[in-house]
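Listed below are the residues making up each chain.
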Number of protein chains: 2
Amino acid sequence: MNFLCVIAYKGTNYCGFQVQKNGLSVCEVFQDALEAVLGERPDVKGCSRTDAGVHAAGFCLNFHSDTRIPPEKLPLALNSRLPEDVRVLSARVVDEAFHARYSAHAKTYRYHILNSQIDSAFGRDYYYRAPGPLDVAAMDAAAKEFVGTHDFMALCSAGSEIAARGDTVRTITDCGVRREGEYVIVTVTADGYLYNMVRILAGTLLEAGQGRRDAQSIAPLLAGRARTAAGPTLPAKGLFLWRVDYPEG
Amino acid sequence: MNFLCVIAYKGTNYCGFQVQKNGLSVCEVFQDALEAVLGERPDVKGCSRTDAGVHAAGFCLNFHSDTRIPPEKLPLALNSRLPEDVRVLSARVVDEAFHARYSAHAKTYRYHILNSQIDSAFGRDYYYRAPGPLDVAAMDAAAKEFVGTHDFMALCSAGSEIAARGDTVRTITDCGVRREGEYVIVTVTADGYLYNMVRILAGTLLEAGQGRRDAQSIAPLLAGRARTAAGPTLPAKGLFLWRVDYPEG
């Protein structure tokens, strides 16, 4: 049977989701928990790699197993074996052909900016702090210019394999910015992403909020395809993989 | 001059605000920072004691000093000397007679309940987790029964000096419960509190949410003045001193 799990994790202490030679990955601790519960160590397919320090509120993964444990019992069983910063939120059986990455038709990320002169007393792992006034309406107007099917090469960090293949067209179906108290939240939904794309997009919108660019600058930025013309890559710690959408809900 | 500072802190690693023999207090680390910045160690008056593990989003304190540092420079200067889990949000000069505790006419607390089968991956220091369905409307209806001037002896932990003096009448001006995603937030504003009053009040409202008592039970509970008839004292970690109001704003 093919199991789909939705998990949340704090990325601070991990090298990302994907197993890597250097550093502990979320996938590895998830497989450790699977092995403890199932007595086997299935391959795990994640919906995405995520960079070191990036968090996830609704990361999706799948694995195949012949276990007789009913899926609704899996979250409790796995959570008892997982470290505190990784939690299984739900598990269900899906079609054999389902693949957490290839079956996804949209992924939503959020980038959290703390707009304050002062850091939070309640931990610094979940935001990038931008002091000084931010024009959130200008950020949102610039965000809307990213919506659509575009070549996003300008929002792709150098050295990416995808970029080298020239495969840099993606479709953003939603992109917006809103204020929640002292936080400014960037939300973006797309069918796929280039390397560091959301962090560069957030950095570009931040420049719009600071009055350093406007919404009219976005179309030429994309047309120019030059990474150097976009904003900075904001730090991983402000980024959350928020939700993954599959055709059958 | 008399300085009023608004500070936020994560209470997890402190024995509370007040200086105590056993354990590090927020007041002590604040005085350490004052001494480093001002070259003197003034007495500091807090708006409240808080228990070990209780957090604060808008705690108020005052101290007297002849420093020539302008108040608007104090947050940055003090924050550079404070541990990460204590932040000065603002500072201003107030009337010589102002006292953070005695001048307060209202204090607002929030109690955060995570209503989920599963803990948060993003840290467990900021909520009490209640699994199972919660009827938030029933909680809010019960909360409204606490509003007014009442003898709150039933919501006071044993062994308190105030209770021994029989000084247990307080005025709650606002009390309510609402859902924010998976969180259920209890908010209460009063002119003063008895020992553990908010944590017992939250525990009593939790029972209402679980269908174990109703709004009609609150008036007899207060009239009976018996701690044993109220709900449990919920853990400190879910409690936040949220705001303090003074007559001149």
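### Observations concerning the packing of helix α3 (residues 136-144) of chain B against helix α5 (residues 197-209) of chain B
All names here are of chain B.
So, point 1. Contact geometry of α3 with α5 gives a least axis separation of 7 Å together with a crossing angle of 135°. The angle between α3 and α5 falls in the class oblique. For the pair α3 and α5, the crossing hand works out as right-handed. Of the residues in α5, those in contact with Ala138, Met139, Ala142 and Ala143 of α3 are Leu205, Leu206, Ala208 and Gly209.
So, point 2. In the contact of α3 with α5, the residues fall into seven nonpolar, one polar and no charged.

### Describing the domain arrangement of chain A
Residues and elements named next belong to chain A.
So, point 1. Domain boundaries in chain A define domain 1 (2-94) and domain 2 (106-244).
So, point 2. Computed from C-alpha coordinates alone, the two centres of domain 1 and domain 2 are separated by 27 Å.
So, point 3. Opposite the 15 residues of domain 1 that make contact, domain 2 presents 15 residues.
So, point 4. Across the domain 1 to domain 2 interface the summed buried area is about 1,100 Å²; carbon plus sulfur atoms make up 56%.
So, point 5. Together, Asp51, Val54 and His55 form the three largest contributors to the area buried by domain 1 at its contact with domain 2, with a combined 41%.
So, point 6. Applying the counting rule to domain 1 against domain 2 returns two salt bridges.

Calculation rules
- Residues numbered from 1 in each chain as written.
- Chains lettered and ligands numbered in written order.
- Predicted model: local features only at pLDDT ≥ 70, side-chain atom pairs only at ≥ 80, totals over all residues.
- Heavy atoms only, no water.
- Axes fitted to C-alpha atoms, helices over the stretch in contact; angles between N-to-C directions.
- Helix = DSSP H or I, 4+ residues; strand = E, 2+ residues; numbered from the N terminus.
- Parallel < 35°, antiparallel > 145°, perpendicular 65-115°, else oblique.
- Left-handed = near helix turned anticlockwise from the far one by under 90°.
- Contact = heavy atoms within 4.5 Å.
- Nonpolar A, V, L, I, M, F, W, Y, C, P; charged D, E, K, R; others polar.
- Domains from an automatic or database assignment.
- Buried area = accessible area lost by both parts, 1.4 Å probe.
- Salt bridge = Lys/Arg side-chain N within 4 Å of Asp/Glu carboxyl O.

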